[in-house]
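The chain contents come next:
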Amino acid sequence: MKEKAVKNKNITSSEDIFPIETSFNKKGVFFISCALLCIILLFFGNTMYMKQKLIGETRRYVADVSTHAVANVSYILKENHLCIEEMADTFSRMPEFLLTEELLKRKADTWNLDGLAVIHPDDIKFSKPVFCELFYEWIKDHPEMYEKTFISYIPNHKIIFSSPIQKPGNEKTVLVGVKNYSTVEKLLANTDFQGRGQSLIVNKEGEVIFSSEEEQKSIYDVHITKESPKDECLGNLVLEKLEEDYQGIFEIKDRKNSRILVSVRLLDVNDWALLTVVPQDIISKTSIRPVIYFISIILFSACVFIIVLRYIYKSQKKMICQLKDFAFVDPITSGANSLAFQMEGKKLIAEAEPCSYAIVFFNIVNFKQVNERWGITEGNKVLKYIYCNMEEILALDECAARSEIDHYFLLLHYTSEEEMKIRITDLIDKIGSFPTCSIIKDAKFSFDFSIGIYVIGDMTEEIRSCQGKARRAAGFGQRKNTCTFYDNSLVRKELYYKQLSEMFEAALEKEEFEIYLQPKVYLNGKKQPAAEALIRWKNEREGMIYPSDFIPLFEKNGMICRLDLYVFEHVCKLMDLRKKEKKEIFPVSVNLSRAHLKTGSMEFVDHIIALKEKYHIPDGILEIEMTESIMIEDHQLPAIKKMIDTFHENGILCSLDDFGYGFSSLGILKVLDMDVIKLDRKFFMEENEKTWFIVSNFIELAHGLGIKTVAEGIEYEDQVRHLKEADCDMIQGYFYGKPMPLSEFILWYEKNRGGDL
């Protein structure tokens, strides 16, 4: 009975326990189900939240990229348009014989245009044969180009900038610049969102101006991807928005009931607008699929569900990073590109104090030699190397980017000019050490930089505007590897240079440029003195304007070419006048600027020879002075040799100025047949025993080659004595005479031509 009782107790206990376990299992299943249901609901809620957040992020991202694309496209079109207007204004004041194909080609290359044409109803001058039949059709269809400036286009082919050239007698002439679509298409290519969207530029009539698809002629031909059909409703709605001058983002549904985002941004050019069409789920679509796939797994394991959520979050984050890389990463340096720099810079200075940041512009002066010597691949490695060095010196709230080719911009903290100069100098030294660029280091190659700095005083100023000022400051720099700050004095200098450029034409007509002559005296006294022709500018309003003020400017803008011819012709007129007065003529040397060789044309040589023949100047009287810097690039030496040979054939002598201090002086004497070398004045500024040893050997070398020698900058009698002992042929300097107006020089010449100076 006892054993039975126990057994019954166990059974009872078992029965008592079973309902509890059953109840527990039911409750457990219920609670687990509820928990899973909550997790699923939470998951779906989180998914919907993430989807909405991604949609919002997509809209903001599309708006941001579209806005910057519009700014960049507008900037390129307006910049080229402004260049055409300025060039047309310049050409309107130029003589016809200067409007050559070489000049048009040089101007086209300067402004990155495919070509330039000066169009007259009866004649067209081209920079190079880039124009086609479509261009001639465009000319016929746009007679208004003779009356006003505007931007036009040849569909899916060329962008056209035109501006009338105002000539005397109301002669109809127009300057037309042509730029390939590829420039704008590259900018639009950054906004195609990996082929799942499309950006194009249209006008208010719905005509497609720029598009990556040639078959798209109007807004009704637009489709989001190559697989998606064209949508007439989209075209109608966009046309309505364009008519209302709408700017912003709106949403529509296509035939497949998919949501589409359409961004409309108006350009500052004509009635054109940037249209960006992308699916709303461009970011979220890829994340929704794995979410649906893993919902079934969540029913079995909450842990797997959490892992999936983590995976989805990372994949979304990775996709956003990839999209940002396409838009904001420079492919060469793998760092920030220009667009990223502008966005980051705007954010950094938004809350900063005035004058606490500065934009620094770096231009590698001699980078072309790297590509020519080691190739493009190694050149790109150097560009990345320089960027990495810049990136290493940045603080957390500073940024840097390669802008284009060999240009860089940095946004740095600013405390003082001195501190900034020290920091930039350290950066240049760091770059020059080449710790990770063995090819350049082994070749003992060194970089020179042109550096401009703009301290941001107005923190609301556009970053692009700040970059432009830093770039202009670099252009005013007189020495390499030194910092030039953009300030009020630079602004005044910029305005002054602009004023001088505008005064140039009138100054030539009024003959405000006066010829000064500085004596060159033979030390043996057996020959009559000679002279070097120099230039001074006497203006009624500005007074005396010295060469240091206008020569560098005119060398940059190309006006120096006409000024050189002006000086040469006036020297010829002086010789002709003395012949007519039965007076003795004397040798005169005239300087030749390097600007004549930039176009690669020898036309200026013909002008010089024609002037010599026009005034019947005897052979051996006129001499052309060329500085060593004019021959520093090896590829120009054949052209210079041809030029010198032509001068010699026509009785014009050639001299090499500033000889001895450059790296290529002796090499030039080996290649070119010079008549005279002028020893650089730097030799005689702080002379010592080494100076006279070097000078004596230079003179002996020159005489051995049959070349005369001239010592420049001689001011003291002791220097004259040393040069006589060294058998130097001629002396030029204040010891015998400073540069004089023509009348004073003639008196000096008549007084000293027969005596032993």
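Right, let's walk through the structure included here. A quick note: this is a predicted structure, and the numbers were derived from the prediction, not measured.

Cut-off values and rules
- Residues numbered from 1 in each chain as written.
- Predicted model: local features only at pLDDT ≥ 70, side-chain atom pairs only at ≥ 80, totals over all residues.
- Heavy atoms only, no water.
- Buried < 20%, exposed > 50% of the residue type's maximum accessible area, 1.4 Å probe, protein only.
- Helix = DSSP H or I, 4+ residues; strand = E, 2+ residues; numbered from the N terminus.
- Pairing = 2+ DSSP bridges.
- Arc of directions from axis to C-beta.
- Axes fitted to C-alpha atoms, helices over the stretch in contact; angles between N-to-C directions.
- Contact = heavy atoms within 4.5 Å.
- Polar contact = N/O pair within 3.5 Å; in protein donor to acceptor, adjacent residues only side chain to side chain.

## What to know about the pairing of strand β21 (residues 653-659)
Step number 1: β21 sits mainly inside the fold: five of its seven residues count as buried.
Step number 2: Looking at chain direction, β21 and strand β22 (residues 676-679) are connected through three bridges and run parallel. In the sheet register, Phe659 faces β22, and the bridge partner there is Leu679.

## Description of helix α3 (residues 133-141)
Step number 1: Taken as a whole, α3 has its buried residues at Phe135, Trp138 and Ile139. The buried residues of α3 occupy an angular sector of 100 degrees when the element is viewed end-on, so they sit on one face. Exposed and oriented more than 90 degrees from the buried face of α3 are Glu133, Lys140 and Asp141.

## Some points on the sheet that holds strand β11 (residues 357-364)
Step number 1: Judged by pairing direction, the sheet is mixed, and its five strands sit side by side in the order β12-β13-β11-β14-β15 without closing on themselves. Looking along the sheet, the strands with just one partner apiece sit at the ends: β12 (399-402) and β15 (483-485). Each adjacent strand pair in this sheet contributes to an overall mean axis angle of 20 degrees, direction not counted.
Step number 2: In the sheet, strand β14 (residues 449-455) pairs with β15 via three bridges, with the strands oriented parallel. Residue pairing for β15: Gly452 is matched across the bridge by Thr484.
Step number 3: Seen against the sheet, helix α11 (residues 417-432) touches β11, β13 (407-413), β14 and β15 and runs at an angle of roughly 135 degrees to β13.
Step number 4: Sitting on the sheet, helix α13 (residues 463-475) is in contact with β11, β13, β14 and β15, with an inclination near 135 degrees to β14.

## A few points about the side chain of Arg402
Step number 1: Along the chain, Arg402 falls in strand β12.
Step number 2: Arg402 gets classed as buried once you look at its relative accessible area, which sits at 10%.
Step number 3: At a separation of 2.8 Å, a polar atom in the side chain of Arg402 contacts the side chain of Asp330.
Step number 4: Of note is the side chain of Arg402, whose polar atom sits 2.9 Å from the backbone oxygen of Ile405.
Step number 5: If we skip the residues at most four places from it in the chain, Arg402 touches Asp330, Ile332, Thr333, Ala336, Asn337, Ser338, Leu383, Tyr387, His407 and Tyr408.

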